[in-house]
Amino acid sequence: MVNVLVVGSGGREHALGWKLAQSKQVDTVFFAPGNGGTQNNIPINPEEIDKLIEFATNNDCFTVVGPEAPLSKGIVDKFTENNLGIFGPTKEAAQLESSKIWAKQFMQRNGIPTAPFGIFDDAKEARQYVESLNYPVVIKADGLAAGKGVIVCDGKQDALTAIDEMLVKNTFGSAGASIVIEKRIDGIEASYIALCDGVTAIPMATSQDHKRIFDDDKGPNTGGMGAYSPTGVITEELAQKIQKNVIEKTIRAMKKEGIPFKGFLYAGIMVKDGELYVLEYNARMGDPECQPIMMRMGSDLYEYLLASYHGTLGLLPQITWKNQTAVCVVLASKGYPDSYPKNETILGLDSVNDNNTMVFHAGTRREDGQVLTNGGRVLGVTALGTTLESAIANAYLAAQKIQWQSKYCRMDIGKKGLAFL
């Protein structure tokens, strides 16, 4: 038996820990720092790498890293130097996510399909570039910006404003000191995630995230307001195309460049007219995609994460999935992704108790026996159903039972998937 240390505090980490705890090989799952819904919480932040090393050493832990920030700071490299088992990519491999510029140049030199782009750190040059184009653009901060460093522009004025926000007003700090301006591809977006060990890439179940704050994909981008799995957007044929032309090509190119990729490789894919484009890479599991994917996973997660670390994924069979749909509705605090209230009491959590529904905590904390809000995305109410319609109904039924003063959620999570049934 082994202990597992899950690094992070979000809904993704709660879902990973919940699934890992089901393994016959796992004794105790610890969370650093965890949230109001997780147990065995350790008061160590994800970027306090030396303290995490000390805890993992003293408690015989295999460590699983959830968020991107510690990966970009080299947590995997430092654990490996200390002969500690850890799941995730090295600092250099995590550049696929931590630098949009590095990722775009990587795709360009390795023939991985992505939209045309330009790279700028000078506002005047960036403005001139936008003025010269005859198509709409998306502007991206180079560095990590908690899922909010991407501005989808409707016209030139939007683009010029975004350039000023990043390069003149410095709204995103060092993350936005350099930017990518790329052609806006208007198609259907889906998430494709694979589990990798540097050589082999095993696909996870398909899913679709809902990035905008309001119904019908209106308003600013967020970290994700809900997701469902599987998605009909990615047909069997398209899945094979993504696996071959994006995932396996990426894994081969990374190995060839001397930076093998181990961990969850996430490709944000835009599909238009049968063609696919990589919008972005993430070097970790998506959030909230993780929640419905974990609900559907039949195989032992720990076995696969350990094989990724050892480089032995090729010896394992494909992952098994429940023949059900899962929908995750994110309950947020009104005002997110900008400013929002905290420390509001959450009621009704005990009323959600059927086997097909899980409430994964994200921005919560416990105090005096109560669960309080402690973030913008507060809970991920995730339900299984025999069909997409029934999974949507089950998720919203459970979501209605949970209340706090400034609770907000989108009412259309999963509905875009109905068109593909």
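Bear in mind that the values here come from a model prediction, so they are computed numbers and not experimental data.

Chemist: Go over the pattern of salt bridges with me, naming the residues and quoting the values.
Modeler: Per the stated rule, a full pass over the model turns up 19 salt bridges. The salt bridge involving Asp-209 is made with Lys-211; its shortest N-O contact spans 2.7 Å. Accessibility expressed as a relative area gives 10% for Asp-209, which makes it buried. Its salt-bridge partner being Lys-416, residue Asp-217 comes within 2.7 Å of it at the nearest N-O pair. Of this pair, Asp-217 sits in the loop between strand 12 (212–214) and strand 13 (218–221) while Lys-416 sits in the segment after strand 22 (407–408); the two residues are 199 residues apart in sequence, bridging distant segments of the chain. You can call Asp-217 partly exposed: its relative accessible area is 31%. Through salt bridges with shared partners, a single ionic network connects Asp-217, Arg-410, Asp-412 and Lys-416.

Chemist: Residues and numbers for the nonpolar core, please.
Modeler: Nonpolar side chains in soluble globular proteins generally cluster together in the buried interior. Residues Ile-75 and Ile-402 are the most contacted members of the largest nonpolar core, which totals 76 residues. With 8 residues, the top contributor of residues to this core is helix 9 (residues 236–256). For Ile-75, the residues in contact, after removing those within four places along its chain, are Val-7, Pro-46, Ile-49, Leu-52, Val-65, Pro-70 and Ile-86. Counting residues in hydrophobic clusters, the runner-up holds 35 residues, among them Leu-20, Cys-290, Leu-301 and Leu-384.

Chemist: Residues and numbers for the sheet that holds strand 16 (residues 275–282), please.
Modeler: Ordered by their spatial adjacency, 4 strands build an open sheet running 10-9-15-16, and the pairing between neighbours is antiparallel. The sheet terminates laterally at strand 10 (201–203) and strand 16, the two strands that pair on one side only. Taking the axes of each pair of neighbouring strands and ignoring which way they run, one obtains an average angle of 35° across the sheet. Pairing geometry for strand 9 (residues 188–197) and strand 10, over 3 bridges, is antiparallel. Bridge pairing links Leu-195 to Ile-202 in strand 10. Across the face of the sheet, helix 9 comes into contact with strand 9, strand 10, strand 15 (262–272) and strand 16 while running at roughly 130° to strand 15.

Chemist: I'd like a rundown of helix 8 (residues 156–168), residues and numbers included.
Modeler: For helix 8, built from 13 residues, the straight-helix expectation of 18 Å at 1.5 Å per residue is met to within 8% by its first-to-last C-alpha distance of 17 Å. Every buried residue belonging to helix 8 is among Ala-159, Leu-160, Ala-162, Ile-163, Met-166 and Leu-167, and all of these are buried. In a view along the axis of helix 8, the buried residues occupy a sector of 160°, so they form one face of it. Tucked into the core, helix 8 has its buried residues touching strand 5 (117–120), helix 7 (123–132), strand 6 (137–141), strand 7 (150–152) and strand 8 (179–183).

Chemist: So, the packing of helix 6 (residues 100–110) against helix 9: which residues are in play, and what are the values?
Modeler: The contact between helix 6 and helix 9 brings their axes to 11 Å, and the two run at 95°. Compared by their axis directions, helix 6 and helix 9 come out roughly perpendicular. Residue-level contacts link Trp-102, Phe-106 and Asn-110 of helix 6 to Lys-249, Thr-250, Ala-253 and Met-254 of helix 9. Classifying every residue of the contact of helix 6 with helix 9 gives 4 nonpolar, 2 polar and 1 charged.

Chemist: Go over the pairing of strand 18 (residues 357–361) with me, naming the residues and quoting the values.
Modeler: Side-chain direction in a regular strand flips from residue to residue, so the side chains alternate between the two faces of the sheet. Counting buried positions along strand 18 yields 5 of 5 residues, so the element is predominantly enclosed. Of the two faces of strand 18, the one lined by Thr-357, Val-359 and His-361 and the one lined by Met-358 and Phe-360 are each fully buried. By the bridge criterion, 5 bridges tie strand 18 to strand 21 (residues 377–385) in an arrangement that is antiparallel. Looking at the pairing, Thr-357 lines up with Ala-383 of strand 21.

Chemist: Which residues make up the packing of aromatic side chains, and what values do they have?
Modeler: Counted by the stated rule, this structure contains 10 aromatic pairs. Relative to Phe-106, the ring of Trp-102 has its centre 5.5 Å away and its plane inclined at 10°; by these criteria the two rings are stacked. Of this pair, Trp-102 and Phe-106 both sit in helix 6, 4 residues apart, roughly one helical turn. With relative accessibility at 16%, the residue Trp-102 sits in the buried group. Overall, Phe-106 belongs to the buried group, its relative accessible area being 0%. A network of ring pairs unites the aromatic residues Phe-62, Tyr-302 and Tyr-309 as a single cluster. Here the basic side chain of Arg-109 rests over the ring of Trp-102, its NZ or CZ set 5.5 Å away from the ring centre.

Chemist: Tell me about unusual backbone geometry, and name the residues and values.
Modeler: Look at the link from Ala-32 to Pro-33: it is a cis peptide, with omega at 0°. Residue placement: Pro-33 occurs in strand 2 (residues 26–33). The peptide bond linking Ser-229 to Pro-230 adopts the cis configuration, its omega dihedral lying at -5°. Mapped onto the fold, Pro-230 is located in the loop between strand 14 (226–229) and helix 9. Phi at Asn-40 takes a positive value of approximately 55°, unusual for a residue other than glycine.

Chemist: How would you explain helix 7 if you had to name every residue and give the values?
Modeler: Residues of helix 7 that are buried: Ala-123, Ala-126 and Val-130. Down the axis of helix 7, the sector holding all buried residues measures 60°, keeping them to one side. Away from its buried face, by an angle of more than 90 degrees, helix 7 presents the exposed residues Lys-124 and Ser-132. Where helix 7 is buried, its residues touch strand 5, helix 8 and strand 8. A side-chain oxygen of the first residue of helix 7 lies 3.1 Å from the backbone nitrogen of Lys-124; this N-cap is Asp-122.

Definitions and cut-offs
- Residues numbered from 1 in each chain as written.
- Predicted model: local features only at pLDDT ≥ 70, side-chain atom pairs only at ≥ 80, totals over all residues.
- Heavy atoms only, no water.
- Salt bridge = Lys/Arg side-chain N within 4 Å of Asp/Glu carboxyl O.
- Buried < 20%, exposed > 50% of the residue type's maximum accessible area, 1.4 Å probe, protein only.
- Helix = DSSP H or I, 4+ residues; strand = E, 2+ residues; numbered from the N terminus.
- Core = buried A, V, L, I, M, F, W, Y, C linked by side-chain atoms within 4.5 Å.
- Contact = heavy atoms within 4.5 Å.
- Pairing = 2+ DSSP bridges.
- Axes fitted to C-alpha atoms, helices over the stretch in contact; angles between N-to-C directions.
- Expected span 1.5 Å × (residues − 1).
- Arc of directions from axis to C-beta.
- Parallel < 35°, antiparallel > 145°, perpendicular 65-115°, else oblique.
- Nonpolar A, V, L, I, M, F, W, Y, C, P; charged D, E, K, R; others polar.
- Phe/Tyr/Trp six-rings, centres within 6.5 Å; stacked < 30°, edge-to-face > 60°.
- Lys NZ or Arg CZ within 6 Å of the ring centre and 35° of its normal.
- Polar contact = N/O pair within 3.5 Å; in protein donor to acceptor, adjacent residues only side chain to side chain.

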